[in-house]
Amino acid sequence: INAEYMGLQYVVMALSHSSKEIRRVGVDLCLVMCDEECRKALYYVMPRHPLLLSKLFHVFTDFENEDGTTMQLQAALPMLTANPHMDILPVFYESAQQVLDQWLVHYRSRGSHPPLQFLSSFMELLSLSVHHHHRTFNYHHGPCIFKLIDLIALLWSRPAMLPNSTLIAINKGILSVLHLSDNSFYLHMVRQEVFRGILFVFSESNNLITSSILTLLHTILQLQINVLIDYICTLWFRQPIPASPRLKGNSFVKQLFQEQLIPQ
């Protein structure tokens, strides 16, 4: 274990180096670490070296080095963190929360989102992790989830700025939160008006973004998330301005929500 521990120290040093060539070596080492046998060896070592996770997550905030090296490391992260030791989960989510904090500051101060590839990769990673860690360890990290909802609300408030592929990745993040069975997260979604932007672009078009939104709506009904059902009913049926202007008539899912309508 000491040898693996020392090896991780060298990886951290390489990823932190000012030289692009040495950072490239660090990324190559991370790609080697994706091997199944290597990941087994690292399983008990990672909790002793939390700095590695912080350095790995740093690739999501390093906008100055948006190159192939950064993209490769982002692609490797889901594999490196796929089967974590329970003790590393707080560090994992604290590192993810630091990314979200920086992105929120960047968005609010400059009005621009992170690079699209960064955004999609991070949402894919976090949605898989939130779902897996909840099912496997019954673990979720409240502060990180709240920050994730904050970012999602900002992104969905201006959907025209993002391509459908990125919006679909963002919806995967929402889906993972829906399965956490935590009413505080659902209430935060209502406060942040996450579904106002989602319903605004909803239509009956036969495309992937429509399918993605339908998955969210059907999941809310299936899980009987009453606070979200009532909120969506308010947007669709209790306001004079159409919440879904692209929707012609009542879609099937809209009728299902109408059946849930609680008289005011």
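Everything numeric here is computed off the predicted structure, so don't read it as measured data. (Residues numbered from 1 in each chain as written. Predicted model: local features only at pLDDT ≥ 70, side-chain atom pairs only at ≥ 80, totals over all residues. Heavy atoms only, no water.)

**A few points about the overall build of the protein**
Inference 1: Helices and strands together make up the secondary structure of the protein, namely 14 helices and zero strands.
Inference 2: Reading the protein from its N terminus to its C terminus gives the helix and strand order α-α-α-α-α-α-α-α-α-α-α-α-α-α.
Inference 3: Taken over C-alpha atoms, the radius of gyration comes to 20 Å for the protein, in line with the 18 Å a tight globule of 264 residues would show.
Inference 4: Over its C-alpha atoms, taken along the principal directions, the protein stretches across nearly 65 × 35 × 30 Å.
Inference 5: Buried residues in the protein amount to 48% of all 264 residues.
Inference 6: Taking the intrachain contacts of the protein between residues at least 6 apart in sequence as the baseline, contacts between residues at least 24 apart amount to 76%. (Helix = DSSP H or I, 4+ residues; strand = E, 2+ residues; numbered from the N terminus. Rg over C-alpha atoms; globule rule 2.2 N^0.38 Å. Buried < 20%, exposed > 50% of the residue type's maximum accessible area, 1.4 Å probe, protein only. Contact = heavy atoms within 4.5 Å.)

**Focus: the environment of F195**
Inference 1: Structurally, F195 can be placed in helix α11 (residues 194-201).
Inference 2: F195 sits in the buried class, given a relative accessible area of 0%.
Inference 3: With 88 residues separating them along the chain, F195 and Y107 place their C-alpha atoms 20 Å apart.

**Side note on unusual backbone geometry**
Inference 1: A positive phi angle, close to 50°, is found at N138, a residue other than glycine.
Inference 2: Relative to the helices and strands, N138 is located in the loop between α7 (116-137) and α8 (142-156).
Inference 3: The class of N138 is exposed, set by a relative accessible area of 62%.
Inference 4: Residues other than glycine seldom take positive phi values, yet S181 does so here, at roughly 55°.
Inference 5: Within the fold, S181 resides in the loop between α9 (164-178) and α10 (183-191).

**Here we look at the nonpolar core**
For soluble globular proteins, the rule of thumb is that nonpolar side chains tend to be buried together.
Inference 1: Counting 85 residues, the largest nonpolar core has L126, I174, F195 and F257 as its most contacted members.
Inference 2: When residues in this core are grouped by element, the largest group, ten residues, is from helix α6 (residues 89-110).
Inference 3: Excluding anything up to four places from it in sequence, L126 contacts F92, Y93, A96, L100, C144 and L148. (Core = buried A, V, L, I, M, F, W, Y, C linked by side-chain atoms within 4.5 Å.)

**Digging into the packing of α8 against α10**
Inference 1: Running from amino to carboxyl end, α8 crosses α10 at an angle of 20°, the nearest separation of the two axes being 10 Å. Regarding the angle of α8 to α10, the classification is roughly parallel. In terms of crossing hand, the pair formed by α8 and α10 is right-handed. Along its contact with α8, which presents G142, I145, F146, I149 and D150, the element α10 presents S184, F185, H188 and M189.
Inference 2: Residues that form the contact of α8 with α10 fall into these classes: five nonpolar, three polar and one charged. (Axes fitted to C-alpha atoms, helices over the stretch in contact; angles between N-to-C directions. Parallel < 35°, antiparallel > 145°, perpendicular 65-115°, else oblique. Left-handed = near helix turned anticlockwise from the far one by under 90°. Nonpolar A, V, L, I, M, F, W, Y, C, P; charged D, E, K, R; others polar.)

**A closer look at a nonpolar patch on the surface**
Inference 1: Together, M6, Y10 and M13 line one region of the surface with nonpolar side chains, adding up to about 340 Å² of accessible area.
Inference 2: With respect to the helices, strands and loops of the structure, Y10 is situated in helix α1 (residues 2-16). (Patch = residues over 30% accessible without salt bridge, like charges linked within 9 Å, V, L, I, M, F, W, Y side chains within 5 Å. Areas by Shrake-Rupley, 256 points an atom, 1.4 Å probe, with all protein chains shown as cover. Salt bridge = Lys/Arg side-chain N within 4 Å of Asp/Glu carboxyl O.)

**Considerations on α8**
Inference 1: End to end, α8 covers 21 Å across 15 residues, agreeing with the expected 21 Å (1.5 Å per residue, within 8%).
Inference 2: Among the 15 residues in α8, eleven count as buried, and that is most of the element.
Inference 3: Every buried residue of α8 is listed here: G142, C144, I145, L148, I149, D150, L151, I152, A153, L155 and W156.
Inference 4: In this structure, the buried side of α8 is in contact with α6, α7, α9, α10, α11 and α12 (208-222). (Expected span 1.5 Å × (residues − 1).)

**As for the confidence of the model for the protein**
Low pLDDT means the predicted coordinates in that region are not meant to be read closely.
Inference 1: For the protein, the mean per-residue pLDDT works out to 87, and 95% of the residues sit at or above 70.
Inference 2: Summarising per-element confidence for the protein, the mean pLDDT is lowest in α1 (75) and highest in α10 (97). (pLDDT = per-residue confidence, 0-100.)

**Re the packing of α6 against α7**
Inference 1: The N-to-C vectors of α6 and α7 enclose an angle of 150°; their axes lie 12 Å apart at closest approach. Here α7 runs roughly antiparallel to α6, going by the angle between their axes. Here the hand of the crossing between α6 and α7 comes out left-handed. In contact with L89, F92, Y93, A96, V99, L100 and W103 of α6, α7 contributes F118, L119, F122, L125, L126, S129, V130, H133 and F137.
Inference 2: Tallied by class, the residues present in the contact of α6 with α7 amount to 14 nonpolar, two polar and no charged.

**Some thoughts on the packing of aromatic side chains**
Inference 1: Going through the model one piece at a time under the given rule, you end up with twelve aromatic pairs.
Inference 2: Ring centres 5.1 Å apart and planes at 70° place the aromatic pair F146 and F185 in the edge-to-face group. Linking F146 in helix α8 with F185 in helix α10, this pair joins segments that are 39 residues apart in sequence.
Inference 3: The exposure class of F185 is buried, given its relative accessible area of 1%. (Phe/Tyr/Trp six-rings, centres within 6.5 Å; stacked < 30°, edge-to-face > 60°.)

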